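Listed here are the chains, written in short residue letters.
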Amino acid sequence: MVNEVCLRTLDLDRPWLLEQYQSRGGYEMLTRILKEKTPPEEIIEEVKKSGLRGRGGAGFPTGLKWSFISRNAPGQKYVVCNSDEGEPGTFKDRDILRYNPHQLVEGMIIAAYAIGATQGYNYIRGEFWEPYERFEAALKEAREAGFLGENLLDSGFDFELHAHLGGGAYVCGEETALLESIEGKKGQPRFKPPFPAHFGLYGRPTIINNTESLASIPMILKEGGPWFADIGVKNSGGSKLFSISGNLNNPGVFEIPMGTPFSELLEMAGGVKGGRKLKAVIPGGSSAPVIPGEQMMDLTMDYDAIAEAGSMLGSGAVIVLDDTNCMVKVLERMSYFYHEESCGQCTPCREGTGWLYRVISRIENGQGRQEDLDLLNDVAARISGRTICALGDAAAGPVAGMLKHFRDEFQYHIDHKKCLVGAG
Amino acid sequence: MVTIEVNGRELKAKAGDMLIEVTDEAGIDIPRFCYHKKLSISASCRQCLVEVKNAPKPLPACATPVMEGMKVFTRSPLALAAQKGTMEFLLINHPLDCPICDQGGECELQDVAVACGSDASRFVEGKRVVPAKNIGPLIATEMTRCIHCTRCVRFGEEIAGIREMGATGRGEHMVIGTYIEKSIDSELSGNIIDLCPVGALTSKPFRFSARAWELTQVEGVAPHDSVGSNLHLHLRSNKVMRVAPKDNESINECWISDRDRFSYQGLYSDDRLTVPKIKQSGEWQDVTWEVALDMAAAGLQEIGEGEQIATLVSPSSTLEELYLAQKVTRGLGSNNIDYRLRQGDFRLDGAEPAFSWLGLKISEIENLNAALLVGSNTRKEQPILAHNLRKAAVSGAKVHFINPLQLELNYTAGQQLTTPAGMVQSLAAVAKALGATGEGAAAKVIDKAVADDDAKAIASALKDADKAAVMLGNIAAAHPDYSILCVLASVVANASGATFGFLAEAANSVGARLAGAMPHLLPGAKVAAEKGLDVMKLQKLPRKGYLLLGAEPGYDFWDAGLTRNALESADLVVALNTHTSPALEAAADIMLPIAAFAETSGTYVNTAGEWQSFRGAVKPLGEARPAWKVLRVLGNLLDQEDCEYTSSEQVRDELASLCEGVMPDNSVGKTESADLQSAVDGLIRIGDVPPYALDSLVRRASALQQTKDAAPAAICINAEEAKKAGLADCDSAVVTQDGREATLPVSIDANIPDGCVRISAGLAGTETLGAQFGEVTLEKA
Ligand SMILES: Cc1cc2nc3c(=O)[nH]c(=O)nc-3n(C[C@H](O)[C@H](O)[C@H](O)COP(=O)(O)O)c2cc1C
Ligand code: SF4
Ligand code: SF4
Ligand code: FES
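Everything numeric in this text was worked out from a predicted model, so none of it was measured. (Residues numbered from 1 in each chain as written. Chains lettered and ligands numbered in written order. Predicted model: local features only at pLDDT ≥ 70, side-chain atom pairs only at ≥ 80, totals over all residues. Heavy atoms only, no water.)

What follows covers the interface of chain B and chain A. Counting residues at the interface gives 35 residues for chain B and 33 residues for chain A. Summing the contributions of chain B and of chain A, the shared interface buries around 2,900 Å²; its carbon and sulfur component is 53%. It is F89, R122 and R170 of chain B that lose the most area in chain B upon contact with chain A, and together they represent 26% of the buried surface on that side. In this structure, the connection of chain B to chain A is made through six salt bridges. Across the pair R382 of chain A and E88 of chain B runs a salt bridge, and its minimum N-O distance is 2.5 Å. Among the secondary structure elements, those contributing two or more residues to the side of chain B that touches chain A are α2 (77–92) and β7 (166–168) of chain B. Broken down by element, the side of chain B that touches chain A gets its largest block of residues, nine residues, from α2 of chain B. (Contact = heavy atoms within 4.5 Å. Buried area = accessible area lost by both parts, 1.4 Å probe. Salt bridge = Lys/Arg side-chain N within 4 Å of Asp/Glu carboxyl O. Helix = DSSP H or I, 4+ residues; strand = E, 2+ residues; numbered from the N terminus.)

Structure follows, in structure tokens:
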């Protein structure tokens, strides 16, 4: 039951080529839709049935998002793919772009058809040079084969798709900052509402989805929404790409059904490196609160199970930490990232992320004060829920988790001006 | 309409309005930094967080639309905790040294901190320091104090129409500034001083000279253009310390131009006239008022014949001053009074409307769908009107200009760049494209015109628009063929169904007409039985006696050289002025120091015909006296009747009763002469008046004089014409006009049309030249 959706061509030789993709039925779904002029509502209905939830991190139901666009509204509409993949620990979209770019292209064309868009953009992380080239090559092949451009396969439907290479800012993965960035402006999130479905790229109705979400579309339509839903579990339809990294023997990307036990995923990744003890897991990208190792071993990889454990599945970036890790150091590293990547627009995030980082850094460097622990919790609480975009929440999220589960390590740093892990 | 509840109080509101608009309206205070009623919503400071029932998180009041039944708590524990949280964040990197900050005492951050800050800081890390930037002579920066509200950034984009301030860098490293170190040049730039909630942007001329609580605030009306922006004058010990806008939605909203904000510095220049002076054997002597006035009265009486007396008054004078000036003049048996010091063509006298005006309310400009501006550099001439025009253009109005200068605009507009004579032809072509034939002079020029594509585009823009206007600006008013431009513009307006209007030049140009400061019009726009001579004739046919009111020879007249000759040959020149200058000292025999802007009570009538009275805010400097009083005493000394006023209000009311029933009216009659006085064989001078050369006060406002718009006099010419004249950039050249010369630097400027050379008027170095628009020759010096 692995590699059934986005990575289903991984076993082929040079699976990124059009002919290889077509050898597995690629573009058949699109061809059928264009030939039969499938009503767009039917497509959206099928996506709804699949239970597909946005793979970019927030887990918003994709079919529902598409239905917010008023298809018959006059004027330009856009489909935008989010391949910015900046969250530390996440590297799954990169593999889709490298190994199965055509499935993403096909998914985007179908999405465009479903909402009546004639222009699309794929915003690719600035550092992804090879994936960018693969994607560009796929666009060229698709264009030559008549899947992109005007009057696709004589259906009267036009769609052009452009790749856009980002400039290296994490915040540009936030959907509205991404739109600003495509427009050539400073990458800063917009205040919402209005949401992109009403006021998106260049102020036009836009759907923006993660790479994995869009690349799942052709298979969902080919095999049917219920087929996809049944791969996973309740509230978590389908399979999911997990990027698992950290102290592992075989880190990498694995496409497995939602609801798979974490222990199985850990096994696929070769288990903890050097047979060391599993200390903790960050289950959904660096912004997800940490879960202690033992607790994690009992969990399954789906939205509900991880949420119940007080964390989130996010983009499916699983970071595995063994017992050599100092949690103060880990948190310092993460809070440095958010401090550095805040766009600086809103007060709590601009000021709060720097504050968090400096306090944690002080503790790590043996200059912590007893009151710092409560201060950290308090500052984090004053950021979360009060910012324009979720970067603020992402910065605050890890703090509470770390202090909840590993407070003793922080206390030790404060009391002894050195590290518990190193000392042990 | 929806009903919401705020802190238990029921409020009616328009659905979709933001919560903060509704609470502001109801007088419920919600702290805010990024929100400003005239700017787009950024929702970024997070100071305005409030509790909304059933919302999981506190919501920003500035970006939360009201909905039926919404229950809001602005001071609940949740709301206060959120507001306090934001305040703490804002303060961690903000210096806590209010005593040495210029904003102290009028700082929004300070105010909110007092209301919802804490008394001790939990922040023990180092604070951010951001270097200050030099952004020009008007605005001082202390960017460490910036709280990143982006009001100044949005102001540039949305109001000034030029992106001058921006944010660079991310997160904590985000810095507000000009991308490259450069000055802020917008003519509205000073408004960011008011917008900046903290001490990051402050007034360079004012800073550290007074504390907000030491200042008293009185109201005033701006004296430098015909908008009549409402002002707040901030005073300390009888001195104007600074000027700020006073909200008036129908005139200036909450903005003022830099000219109106910083000109007060001119009040305290070294050459302020503070004692009456008389010239004896070529030497100036200080005298008492009594002596000076007696001499003036005796001198005027001595001239004997009324028609040998000419009164030339500045249109920046108050209504009361203008009314008394004409009263005294007419009392002397003369109708020789004129305010049109910068006009060169008087062929329309008699056919011109008496109470001419904008044709619209100022606030209606933004609703125009099309506009044609003839001879207007609106941005520099009437900055606030230009802002309204920009609003119209940004929301789709088609704006066209016919000008002898290519303008730097902050919106898209069609610009027809042509010579002064070409302007007449271009406008006639528009008339032709509209199928109009005109009468008299208009008929002659329209007949010869060719309706080209440009003309057709303008014509159809005007015709197709729901609301359109054709307006004449300052350049048109000084044009040698003003009379023809005026009739043509009126023909174009009539033929296209557009409103016809005048962008009056000075604060009281419209008032001067009502006050009867014209040779052919009496107060209340009544036609004089006996016409006097216009300002041009009064100089070409020199008079024996001149009375000058607020007019500086060399700078305030259409033909500086002509003025000098006329005044030099006179027996008596009595000058009522605020300042002295070498040119004035050379020309005058008696100088009477008068109260300047802010020192006298009075009234201005703006270009929209609105009367706005103001009181004297400070006592006149030295022995200076309000000019209305000086003129009244002069009237008394001349034994004139009915000159017993005890207040300026009395003067105003008398004039007001004479003006009763006089309605603004822009109907233009017919003229016959179609001779193009602007048609010259060689190069023609474009003698526009730069914004900071406009009147005695701004010419002495030191900070404004350091801005880009205060460039010194130069010969601006395009590369092609320069080549023909054998000149290169930065050369020095001799301009000759009417046999008089000046040596000025050459500046190559692509904005000047062929056949023209821009030598702006009102600037040092141009006092010897001739007409603002007239033939010149150039020669390398
Ligand atoms: C700071 C920040 C960074 C984000 N980065 C990404 C990203 O790299 N890729 C992505 O797909 N979504 C990212 N998101 C989520 C997007 O805003 C958005 O929810 C997503 O692209 C929607 O697509 P989906 O519904 O298919 O998940 C980010 C969100 C935030 C707040
Ligand atoms: S939360 Fe942070 S990243 Fe997001 S808009 Fe605010 S400052 Fe920018
Ligand atoms: S300089 Fe002032 S107005 Fe501009 S962003 Fe900073 S605090 Fe706001
Ligand atoms: S005033 Fe509402 S967020 Fe700034």
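Now that the structure is up, let's keep going.
Now for the site of ligand 1. Residue and element names in this part refer to chain A. Around ligand 1, the structure places 18 residues, and the nearest of them are G56, E85, N209, N210 and S213. Between ligand 1 and G86 there is a distance of 3.3 Å, counted from an oxygen atom to a backbone nitrogen or oxygen. Between ligand 1 and the protein, one listed contact pairs an oxygen atom with a side-chain N or O atom of N209 at 2.8 Å. The protein chains hide 90% of the 610 Å² of surface that ligand 1 would expose on its own. Ranked by residue count, the leading element in the shell around ligand 1 is strand β4 (residues 206–210), at three residues. By residue class, the composition of the shell around ligand 1 is four nonpolar, eight polar and six charged. (Near = heavy atom within 4 Å. Polar contact = N/O pair within 3.5 Å; in protein donor to acceptor, adjacent residues only side chain to side chain. Areas by Shrake-Rupley, 256 points an atom, 1.4 Å probe, with all protein chains shown as cover. Nonpolar A, V, L, I, M, F, W, Y, C, P; charged D, E, K, R; others polar.)

With that settled, the discussion passes to the pattern of salt bridges. Think of it this way: side chains of opposite charge can pair up when their charged atoms draw near. For the structure shown, the criterion picks out 79 salt bridges over all chains. Linking R128 of chain B and E351 of chain A is a salt bridge whose minimum nitrogen-to-oxygen distance equals 3.0 Å. Residue R128 of chain B is found in the loop between α3 (108–116) and β6 (139–141), and its partner E351 of chain A is found in helix α15 (residues 347–364); the two belong to separate chains. According to the relative accessible area criterion, R128 of chain B is buried, its value standing at 13%. For D372 of chain A, the salt bridge is made with R369 of chain A, and the minimal N-O distance between the two is 2.9 Å. Judged by its relative accessible area of 0%, D372 of chain A is buried. The partly exposed category is assigned to R369 of chain A, whose relative accessible area is 25%. Each of D271, R342, E505, E552, D556, R699 and R700 of chain B takes part in one network of salt bridges that share partners. (Buried < 20%, exposed > 50% of the residue type's maximum accessible area, 1.4 Å probe, protein only.)

Glancing now at the site of ligand 2. Around ligand 2, 13 residues are found, and the nearest of them are C343, Q345, C346, C349 and C389 of chain A. Taken together, the residues that form the shell around ligand 2 break down as eight nonpolar, five polar and no charged.

A few words now on the pairing of strand β26 (residues 590–593) of chain B. The side chains of a regular strand alternate, first on one face of the sheet and then on the other. All names here are of chain B. Burial along β26 is two-sided: the face carrying I590 and L592 and the face carrying M591 and P593 are both buried. Pairing of strand β13 (residues 277–280) with β26 involves two bridges; the strand directions are antiparallel. Bridging from a neighbouring strand, K277 pairs with M591 of β26. As paired elements, strand β25 (residues 572–577) and β26 share four bridges and run parallel to each other. Its bridge partner being in β26, N577 is matched across the sheet by P593. (Pairing = 2+ DSSP bridges.)

So, about the packing of helix α2 (residues 28–36) of chain A against helix α9 (residues 211–223) of chain A. Residues and elements named next belong to chain A. One can describe the packing of α2 onto α9 by two numbers: an axis separation of 9 Å at closest approach and a directional angle of 65°. α9 is crossed by α2, and the crossing has left-handed handedness. Only P218, L221 and K222 of α9 make contact with α2, whose side of the interface consists of E28, M29 and I33. Partitioned by chemical class, the residues of the contact of α2 with α9 number four nonpolar, no polar and two charged. (Axes fitted to C-alpha atoms, helices over the stretch in contact; angles between N-to-C directions. Left-handed = near helix turned anticlockwise from the far one by under 90°.)

All right, on to the sheet that holds strand β11 (residues 230–236) of chain B then. All names here are of chain B. One open sheet accounts for three strands, arranged β10-β11-β12; its pairing is antiparallel. Looking at which strands have only one partner, the edges of the open sheet turn out to be β10 (216–221) and β12 (239–245). Strand-to-strand twist in this sheet, taken as the mean axis angle between neighbours without regard to direction, amounts to 35°. Judged from the six bridges that link them, β11 and β12 form a sheet pairing that is antiparallel. Across the sheet, the residue bridging to H234 is R242, located in β12.

Honestly, that's just the spatial picture; any functional story needs more than this.
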